[in-house]
Amino acid sequence: MQSLSTAQARRIALAAQGFLDKRHAAPTMRTFQRTLDRTGVLQVDSVNVLQRAHFMPLYARMGPYDVGLLRRATEAKPRRVVEYWAHVQAFMPVDLWPVMQHRMAKYRAQRGKWSFVDADPELEENLLAEVRDRGASTARDLDDGLPRTKEHWGWNWSETRKVLDFLFMAGDLAVAGRNSQFEILYDLPERVLPADVLARPTPSVDEANLELVRRAAVSHGVATAQCLRDYYRMRTDHVQPAIRALVEAGELVPVTIDGWKRPAYLHRDARVPRRVNARALLSPFDPVVWERERTERLFDFRYRIEIYTPAEKRIHGYYVLPFLLRDRIVGRVDLKADRKAGRLVVKAAYAEPGAPDDTASELSAELRALAGWLNLAGVSIEPRGDLAPRLVGC
């Protein structure tokens, strides 16, 4: 059985995620498509302290790009991607819609069993009829004035919003886009998805599981069963048979990785580069750092999102991005886009143990590039963290 060092596995993983490519001066839709093919999905998140989560992985791989590329891919014909619960809420290629039909059917069968929504067939029918007549609509457009609850911190959803979200999970509605307030525009699938995609047959459960594990393996390069399960949030008993089938077909090659107790699987087409010369700030929702155990194994980097941690208990900050330099994560930086002042604010910056001597200069350059992409005039650095005094703003 082939054995890989941790460094080899790390470079394979970064290559699979698209970090071998040089950033383009002017990324095109072809660049976007190639990047999406590698990441597979782009997690959607509403936090906008820096930039929406789904825009950041594209920037990390492509460099400064027109965010209109993603909007064209998600809203203009021919639609290339659509939102669904593919990892969590995420953009996925439209051709995954048939593959997700079994997931949708599972949610549909749970009607009335979800803790946050009661079965209400009449409201479902009325909302579907309204969307059919009105076209793409937000929950606010359709809300009949029912009071929103204030029992829980965070989302205060009306009954309308709860049922719309259920219909979305069940595949009876699709996301046509989002408005300027980032509210979902719900519409009928036949007005969102390409006709040829909707006409495709639904694969069997085994075929769907096989396809999801196959795609996860391509995006990972090398992975354990847990890594493959997490990428599309699958059930363990669905993943293991798919792995066995892909091993038998020669698409996955069993390998061992030094220091890893769990068996791993190398995709047969994965590149095994001798070096990776990347430089990128990774969003907290970047696929490279999704699965925390994998991140620790590959990069010797313990990472936790502290957005929901009370301020006084945070260790590194509110919106902390790992800094990838070449093939290692060498630091972490807490960032905020102060749009009113036109500044990218470094709230804190920390170097990882053993960070190379050029960490500060490379991070400074990356911060200036990020500020430019965000249309901010410069970078302001606050004196928190051991790396902050060495950074150069502008």
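Our subject is the structure that appears above.
Described in the following lines is the structure provided in the data block. Note that the structure is a prediction, hence the values are computed from the model and not measured.

Let's talk about the pairing of strand 11 (residues 320-326)
Here is step 1 of the chain: Among the 7 residues in strand 11, 6 count as buried, and that is most of the element.
Here is step 2 of the chain: Note: strand 10 (residues 278-281) against strand 11, 4 bridges, orientation antiparallel. Bridging across to strand 11, Ala-280 finds its partner in Leu-324.
Here is step 3 of the chain: Of the strand pairs in this sheet, strand 11 and strand 12 (residues 328-338) are connected by 6 bridges, and their pairing is antiparallel. By the bridge assignment for strand 12, Leu-324 is matched with Ile-329.
Here is step 4 of the chain: The hairpin turn running from strand 11 into strand 12, its antiparallel successor, is 1 residue long.

Overview of helix 6 (residues 121-134)
Here is step 1 of the chain: The end-to-end C-alpha distance of helix 6, which contains 14 residues, comes to 20 Å, matching closely the 20 Å that a straight helix rising 1.5 Å per residue would cover.
Here is step 2 of the chain: Residues of helix 6 that are buried: Leu-123, Glu-124, Leu-127, Leu-128 and Val-131. Axial view of helix 6: buried residues confined to an arc of 130°, hence all on one face. Exposed positions of helix 6 whose direction lies more than 90 degrees from the buried face are Glu-122, Glu-125 and Asp-133.
Here is step 3 of the chain: Where helix 6 is buried, its residues touch helix 7 (139-142), helix 8 (159-169) and strand 6 (184-187).

Side note on the sheet that holds strand 7 (residues 222-224)
Here is step 1 of the chain: With respect to topology, 4 strands assemble into an open sheet ordered 1-8-9-7, the strand pairing being mixed. Bordering the open sheet on either side are strand 1 (2-4) and strand 7, each of which pairs with just one other strand. Strand-to-strand twist of the sheet, defined as the mean angle between neighbouring strand axes without regard to direction, takes the value 45°.
Here is step 2 of the chain: Sheet analysis places strand 1 next to strand 8 (residues 252-257), joined by 3 bridges and oriented parallel.

Some points on the environment of Gly-63
Here is step 1 of the chain: Relative to the helices and strands, Gly-63 resides in the loop between helix 3 (56-62) and helix 4 (68-75).
Here is step 2 of the chain: Judged by its relative accessible area of 0%, Gly-63 is buried.
Here is step 3 of the chain: Separated by 305 residues in sequence, Gly-63 and Arg-368 place their C-alpha atoms 12 Å apart.

Thoughts on the pairing of strand 14 (residues 378-381)
Here is step 1 of the chain: Note: strand 13 (residues 343-351) against strand 14, 4 bridges, orientation parallel. The residue bridging Val-346 from the neighbouring strand is Ile-381, located in strand 14.
Here is step 2 of the chain: Taken together, strand 13, helix 14 (residues 359-373) and strand 14 form a β-α-β motif whose crossover is right-handed.

Considerations on the side chain of Asp-334
Here is step 1 of the chain: When you line up the elements, Asp-334 lands in strand 12.
Here is step 2 of the chain: Reaching out from Asp-334, the side chain makes a polar contact with the backbone nitrogen of Tyr-318 at a distance of 3.3 Å.
Here is step 3 of the chain: For Asp-334, the residues in contact, after removing those within four places along its chain, are His-316, Gly-317, Tyr-318, Tyr-319, Val-320, Val-345, Val-346, Lys-347 and Ala-348.

Looking at the sheet that holds strand 10
Here is step 1 of the chain: An order of 10-11-12-13-14 is seen for the 5 strands of this open sheet, with the pairing classed as mixed. The open sheet has two edge strands with one neighbour each: strand 10 and strand 14. On average, each strand axis in the sheet is inclined to that of its neighbour by 30°, with strand direction left out of account.
Here is step 2 of the chain: Its contacts with the sheet place helix 14 against strand 10, strand 11, strand 12, strand 13 and strand 14, and it is angled at close to 60° to strand 10.

Some details on the packing of helix 1 (residues 6-16) against helix 10 (residues 205-220)
Here is step 1 of the chain: Look at helix 1 against helix 10: their axes get within 6 Å of each other, and the N-to-C directions meet at 110°. The angle between helix 1 and helix 10 places the two elements in the roughly perpendicular class. Residues Ile-12, Ala-13 and Ala-16 of helix 1 form the contact with helix 10, whose participating residues are Val-218, Ser-219 and His-220.
Here is step 2 of the chain: In the contact of helix 1 with helix 10, the residues fall into 4 nonpolar, 2 polar and no charged.

Things to note about the nonpolar core
Here is step 1 of the chain: In this structure, Met-92 and Tyr-232 are the most contacted members of the largest nonpolar core, which totals 55 residues.
Here is step 2 of the chain: Apart from the residues within four sequence positions on either side, Met-92 is in contact with Gly-40, Val-41, Arg-80, Val-81, Val-82, Tyr-84, Ala-86, Trp-97 and Met-100.
Here is step 3 of the chain: Val-47, Val-49, Val-346 and Ala-351 belong to the second largest nonpolar core, which has 49 residues in total.

Cut-offs used in this document
Residues numbered from 1 in each chain as written. Predicted model: local features only at pLDDT ≥ 70, side-chain atom pairs only at ≥ 80, totals over all residues. Heavy atoms only, no water. Buried < 20%, exposed > 50% of the residue type's maximum accessible area, 1.4 Å probe, protein only. Helix = DSSP H or I, 4+ residues; strand = E, 2+ residues; numbered from the N terminus. Pairing = 2+ DSSP bridges. Expected span 1.5 Å × (residues − 1). Arc of directions from axis to C-beta. Contact = heavy atoms within 4.5 Å. Axes fitted to C-alpha atoms, helices over the stretch in contact; angles between N-to-C directions. Right-handed = clockwise from strand over helix to strand, strands pointing away. Polar contact = N/O pair within 3.5 Å; in protein donor to acceptor, adjacent residues only side chain to side chain. Parallel < 35°, antiparallel > 145°, perpendicular 65-115°, else oblique. Nonpolar A, V, L, I, M, F, W, Y, C, P; charged D, E, K, R; others polar. Core = buried A, V, L, I, M, F, W, Y, C linked by side-chain atoms within 4.5 Å.

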